Amino acid sequence: MTRTLVTGSAGRLGRSVVTALADAGHEVIGVDTAPGTPSAAAAVLPADLTDLGESFEVMTRFRPDAVVHLAAIATPFSRTDAFTYRVNTQLAFNVCEAAAGVGVERIVVASSPTVIGYGTEGWVPSYLPLDEDHPVAPWNAYSLSKLVAEQVMATFARSSKARFAAVRPCFVVAPEEWAGAPTQSGHTIAERLDRPEIAGTSLFNYIDARDASDMVLALLDKLPGLPSGEVFFAGAADALAREPLAELLPRVNPATAGLAEKLTGSTPAFSSAKAGRLLGWQAKRSWRTEIGAL
């Protein structure tokens, strides 16, 4: 049995990752500052991983085989910029330092598609659909902190024997949000479909939390055979939009005019082809399968 430690286990994605790991036979240890509802799927330890001593104590106590690092200030502008940057970067460093220091074999770090730089006036993509080779251009403390987390991961991948990877999950939709619960933006999925300007800010990207969890499982399984330090997008196989992005995206984001022509049908703006190629993973769920054509 693989013992896997999940930081941020009470979060929107963390809850699904814990369940998926447990269902796959992992012994799961959850770590979170606010553990939330007790789960039969994992033992949960409250800990502040921005403290390096606590991070080492957690890793030393449980000696996990693998770590999935999800803990972070989860959205831009939900806290002050200084707090968001400090917490997210310190978390990434401390978790990687402590995990590598006690001999954890596999470490997956959560990043974000926001490192690409969308969402601000004047941003123009180099090409569409976006993939992992696209230039990064963070413009706020949150996206900058996630890029730093990727660089921290890459640094430890170069300097330790552990195997590392980073995942950039698209806009995560928890199972209950398909039924109308507010998403991380505060809007419902129906509102994001009815008002394209809302989802247009993030280029209509999304992923079901269960699909993102399946990708984490696939990555943990494949990580020993991959080059250490790889980065992967994780997105749904379609866009969170009723119209083709070839038509819709230039209307809500004029900077994409002339570049969105390839996004015909339900093609999303973010490509997860690398995950399909190297991990054999593809998202199974769509807003169409989960709530139907509203």
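Here the residue numbering is sequential within each chain, running from 1 through the sequence in written order. Local features in this predicted model are restricted to residues of pLDDT 70 or higher, and side-chain atom pairs are both shown and tallied only at a pLDDT of 80 or more, whereas totals for entire chains, interfaces and linings draw on every residue. Hydrogens and waters are ignored; side-chain quantities use all the structure's heavy atoms.

Hey, could you run me through the nonpolar core in this one?
Soluble globular proteins tend to bury their nonpolar side chains together. Core analysis: the largest hydrophobic core is formed by 52 residues, its most contacted members being L219, L245, F270, L279 and W281. Contributions of two or more residues to this core are made by helix 1 (12-23), strand 4 (66-69), strand 5 (106-110), strand 6 (163-169), helix 7 (209-222), strand 9 (230-234), helix 8 (245-252) and helix 9 (273-279). Working rule for contacts: check all heavy atoms of both residues, and any pair within 4.5 Å makes them a contact. In this structure L279 touches M215, A218, L219, K222, L226, F232 and K274, once residues within four positions along its chain are discounted. Nonpolar core, defined: a set of buried Ala, Val, Leu, Ile, Met, Phe, Trp, Tyr and Cys residues in which side-chain atoms within 4.5 Å join the residues together. Whether a residue is buried, partly exposed or exposed follows from its accessible area with a 1.4 Å probe, protein chains only, as a fraction of its type maximum: under 20%, in between, or over 50%, in that order. Formed by 32 residues, the second largest nonpolar core is a distinct cluster that contains I29, V67, V109 and V231. A run of DSSP states H or I qualifies as a helix once it reaches four residues; a run of E qualifies as a strand once it reaches two. Both are numbered from the N-terminal end.

Mind showing me how you'd approach the packing of aromatic side chains here?
Any two aromatic rings considered together are summarised by their centre-to-centre distance and by the angle between their planes. Stacked, edge-to-face and tilted are the three classes for Phe, Tyr and Trp ring pairs, Trp counted by its six-membered ring, which pair at centre distances within 6.5 Å; planes under 30 degrees apart are stacked, over 60 edge-to-face, the rest tilted. If you walk through the whole model with that rule in mind, you get seven aromatic pairs. Relative to W139, the ring of F77 lies with its centre 6.0 Å away and its plane at 45°, an arrangement referred to as tilted. Here the residue F77 occupies a position in the loop between strand 4 and helix 3 (81-101), and W139 occupies one in the loop between strand 5 and helix 4 (141-159), the gap between them amounting to 62 residues. With relative accessibility at 38%, the residue W139 sits in the partly exposed group. Taking the centre distance of 6.2 Å and the plane angle of 35° together, the rings of F156 and F164 count as tilted. As far as burial versus exposure is concerned, F156 and F164 are alike and both buried. Put simply, a charge is over a ring when the Lys NZ or the Arg CZ is close to the ring centre, within 6 Å, and near the line of the ring normal, within 35 degrees. The side chain of R79 reaches across the aromatic face of F83, ending 3.9 Å from its centre. Just above the ring of F232 sits the side chain of K274; from NZ or CZ to the centre is 5.0 Å.

How do you make sense of the sheet that holds strand 9 when you look at a structure like this?
Within a sheet, neighbouring strands are paired by backbone hydrogen bonds and run either parallel or antiparallel to one another. Any two strands with at least two DSSP-identified bridges between them are counted as paired. Spatially, the seven strands line up as an open sheet ordered 3-2-1-4-5-6-9, and their pairing is parallel. Strands with a single pairing partner mark the edges of an open sheet, and in this sheet they are strand 3 (42-46) and strand 9. On average, each strand axis in the sheet is inclined to that of its neighbour by 20°, with strand direction left out of account. Bridge count between strand 5 and strand 6: five bridges; the pairing is parallel. Residue V109 lies in a different strand from strand 6, and its bridge partner there is A166. Seen against the sheet, helix 2 (residues 52-62) touches strand 1 (3-7), strand 2 (27-32), strand 3 and strand 4 and runs at an angle of roughly 160° to strand 1. The angle between two axes is taken between their N-to-C directions and runs from 0 to 180 degrees, where each axis is a line fitted to C-alpha atoms and a helix contributes only its stretch in contact.

Got a minute to help me understand helix 4 in this structure?
Residue pairs spaced three or four apart in an α-helix point in one direction, given the helix's 3.6 residues per turn. Taking 1.5 Å as the rise per residue, helix 4 with 19 residues should run 27 Å; its terminal C-alpha atoms sit 27 Å apart, in good agreement. Counted as a polar contact is a pair of N or O atoms within 3.5 Å, where, for protein atoms, one must be capable of donating a hydrogen and the other of accepting one, and residues adjacent in sequence contribute only when both atoms are in side chains. Its side-chain oxygen at 3.1 Å from the backbone nitrogen of Y142, N140 defines the N-terminal cap of helix 4. How far a helix is expected to stretch is found by multiplying one less than its residue total by 1.5 Å.

Looking at this model, I keep getting lost on the pairing of strand 4. Mind explaining?
Working note: regular strand, side chains alternate between the two faces of the sheet. Of the two faces of strand 4, the one carrying A66 and V68 and the one carrying V67 and H69 are both buried. Sheet topology note: the strand 1/strand 4 ladder contains four bridges and is parallel. Looking at strand 4, one finds that L5 is bridged to V67. Two strands pair when backbone bridges link them, and strand 4 and strand 5 are joined in this way by four bridges, in the parallel orientation. From the neighbouring strand, V68 faces strand 5, where its bridge partner is V108.

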